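# Architecture at a glance
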Amino acid sequence: MDAKLFTSGFRCAFSSLHPPARRRLPLRLRSTRPLSTTSRRPAEPVEPQDARSQVPREPVRAAPPIDFEDDPDASRNDSGLVDPDVTGAADDEADLDAEFSSRSNQAKLLPKLRVVPRSASYFTAKPTFTDDLLALQAMVRKYQILPMSKAGEAPRKAWKTHAQYMLNVPEPVRTSAYKSILKLLSRLNYIHPNLLPEEVAQMLSRYERDVNPFLNRPKPTSVDEYGRARGVGRRKSSHAVAWLVEGEGEVRVNGKSLSEAFGRIHDRESAVFALKATERLDKYNCWIVVRGGGTTGQAESITLAVAKALMVHEPLLKPALRRGEFVQSALYDEKRWLRYEGSKGSRKKEAWQAQGEEDARLG
């Protein structure tokens, strides 16, 4: 018997013993009620008239009338609700009014009430800053026709810094945004002081610092009973104090001579350059105490201290010393060490290249 015929016959016999497989269909979703009023829908059972009459219904009552009395809060208690005992009404209408205005009925209205914020910009990202900005803009528009002071004649005021302003503001404010407030404050400050409204003065005082540094005045210095004038100078981390007295031109730095204190000739000339430029080198003796820093910083701090002491003896030399930049505090120039984005390294900048080309040209 052929093996193929036997296998096919066995398969047919085995398949006849099992019922055919049924196709599984997805579950049908419950049909929703149509929204259209013209579509058909099953009729609803109607209760008989007798059954509806037996259901207890609440009587329909109108809202209480509004009492336009002189003192509307006279009949209210501490919680703001109408107190039925205060009204003193004994008829049925008064009882209904008290029932409608009771605590329980008014408590049901609380979830439906909408709280209106005090600030118009409450839902903005920065409501406090926006309110301040809008108030200043409105004040500028209101008083823009008032006469202004001339440029440079307005009273100098120190406004709060960005960090000081952030202490009273709960949200973060950028520095660029705070500059817009400072610009409006400067515009209001230029209103003529004799015509400055009280409202503007109160607004400006709100943004002023507690201490105005522009009101500080340097203490007047004079020559003491020994004929000495004192001057103080600073440069980088160096601090120098110089005493100047009329003499023959002797200079002492920390008890040493000028050549012993500074090895470089440039530092020696820098220390007494104010006396040399005004031709007073052989007219005054100078005693100096200097601390901190290196030799260059100490020499330049001595220059400032000697110049200030010289102005005490001869105040008329102040314009000449200012032109020579002897009385200006020589602060550390940090811009030389700043590296901007995309700039070259220290030895690849244009200044170094130009210097190298010049050296190569000169040989």
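Here the structure is a predicted model, which means the values were calculated and not measured. Residue positions are given per chain, counted from 1 along the sequence in the order it is written. Whole-chain, interface and lining totals are the exception, using all residues; otherwise, since this is a predicted model, local features are given only for residues with pLDDT of at least 70 and side-chain atom pairs are given and counted only at 80 or more. With hydrogens and water set aside, each side-chain value is computed from the structure's full complement of heavy atoms.

### A short note on the confidence of the model for the chain
Here the chain averages 75 in pLDDT, and 59% of its residues register 70 or above. For every residue, the predictor assigns a confidence score, pLDDT, that lies between 0 and 100. Helix numbering and strand numbering both begin at the N terminus, where a helix is a DSSP run of H or I of at least 4 residues and a strand a DSSP run of E of at least 2. The secondary structure element of the chain with the lowest average pLDDT is helix 3 (residues 84-87), at 47, and the one with the highest is strand 5 (residues 284-291), at 95. Low pLDDT, under 50, characterises residues 31-37; the predicted model gives this stretch three contacts beyond four residues in sequence or across chains. Confidence drops under pLDDT 50 across residues 79-84; counting only partners more than four residues distant or on other chains, this segment forms 12 contacts. By definition in these notes, contact holds between two residues if any of their heavy atoms fall within 4.5 Å.

### Considerations on unusual backbone geometry
Notably, Lys 236 is not glycine yet its phi reads approximately 55°, a positive angle. Structurally, Lys 236 is set in the loop between strand 1 (229-235) and strand 2 (238-246). Under the relative-accessibility criterion, Lys 236 is labelled exposed at 51%. Positive phi, close to 60°, is recorded for Glu 279, a residue that is not glycine. Between buried and exposed lies partly exposed: a residue is buried under 20% and exposed over 50% of the maximum accessible area for its type, with that area taken using a 1.4 Å probe on protein chains only.

### What about the sheet that holds strand 1?
A pair of strands is treated as paired once DSSP finds two or more bridges between them. Overall, mixed pairing links the five strands, which are arranged 1-2-5-3-4 in an open sheet. What marks the edges here is a single partner per strand, and that holds for strand 1 and strand 4 (256-257). Pairing geometry for strand 1 and strand 2, over seven bridges, is antiparallel. Pairing of Arg 234 across the sheet is with His 239, part of strand 2.

### Examining the pattern of salt bridges
Salt bridges, as used here, are contacts in which a Lys or Arg side-chain nitrogen is within 4 Å of a carboxyl oxygen on Asp or Glu. As enumerated under the stated definition, the model contains nine salt bridges in all. Here Arg 264 makes a salt bridge to Asp 267, at a shortest N to O gap of 4.0 Å. Members of the salt-bridge network, linked through shared partners, are Arg 280, Lys 283 and Glu 314.

### Some points on the pairing of strand 5
For strand 2 and strand 5, the ladder comprises eight bridges, and the chain directions are antiparallel. By the bridge assignment, His 239 is partnered in strand 5 with Arg 291. Two elements, strand 3 (residues 251-253) and strand 5, share three bridges in a ladder whose sense is parallel. Following the sheet pairing, Val 251 is matched in strand 5 by Cys 286.

### Regarding the side chain of Ser 149
Checked against the element boundaries, Ser 149 lands in the loop between helix 6 (127-142) and helix 7 (162-166). Accessibility expressed as a relative area gives 13% for Ser 149, which makes it buried. Excluding its chain neighbours within four sequence positions, the residues that come into contact with Ser 149 are Ala 154, Tyr 190, Ile 191, His 192 and Pro 193.

### Brief notes about helix 6
Here, expected helix span is obtained from the residue count minus one, scaled by 1.5 Å. Its 16 residues place the ends of helix 6 22 Å apart at the C-alpha level, agreeing with the 22 Å of an ideal helix rising 1.5 Å per residue. Along helix 6, the residues that are buried comprise Pro 127, Phe 129, Asp 132, Leu 133, Leu 136, Met 139 and Val 140. Against helix 7, helix 8 (175-189) and helix 9 (198-206) lie the buried residues of helix 6.

### Details of the packing of aromatic side chains
Side-chain rings of Phe, Tyr and Trp, where Trp is taken by its six-membered ring, are said to pair if the distance between their centres is within 6.5 Å; with planes under 30 degrees apart they count as stacked, over 60 as edge-to-face, and otherwise as tilted. Applying the stated criterion to the full structure yields three aromatic pairs. With a centroid separation of 5.1 Å and an interplanar angle of 90°, the aromatic rings of Tyr 122 and Phe 123 are classed as edge-to-face. Since its relative accessible area comes to 69%, Phe 123 is described here as exposed. Plain terms: the ring middles of Tyr 165 and Tyr 207 are 6.4 Å apart, the flat faces sit at 25° to each other, and that makes the pair stacked. A residue pair is termed long-range when its members are at least 10 positions apart, and Tyr 165 in helix 7 and Tyr 207 in the loop between helix 9 and strand 1 qualify at 42 residues. Each member of the pair, Tyr 165 together with Tyr 207, is buried. An aromatic cluster is built from Tyr 165, Tyr 178 and Tyr 207, whose rings are joined through pairwise contacts.

### Let's talk about the nonpolar core
Only buried Ala, Val, Leu, Ile, Met, Phe, Trp, Tyr and Cys residues count toward a nonpolar core, and they belong to the same one when joined by side-chain atoms within 4.5 Å. Val 253, Ile 288, Ile 302 and Leu 321 are the most contacted members of the largest nonpolar core, which totals 29 residues. Elements supplying a minimum of two residues to this core: strand 2, strand 3, helix 12 (273-277), strand 5 and helix 13 (295-313). Here this core takes nine residues from helix 13, the largest share from any one element. Those residues in contact with Val 253 that sit more than four places away from it in its chain are Leu 258, Ala 261, Phe 262, Ile 288, Val 290 and Ile 302. If you look at the next biggest cluster of nonpolar residues, it comprises 20 residues, including Leu 185, Ile 191, Met 203 and Leu 204.

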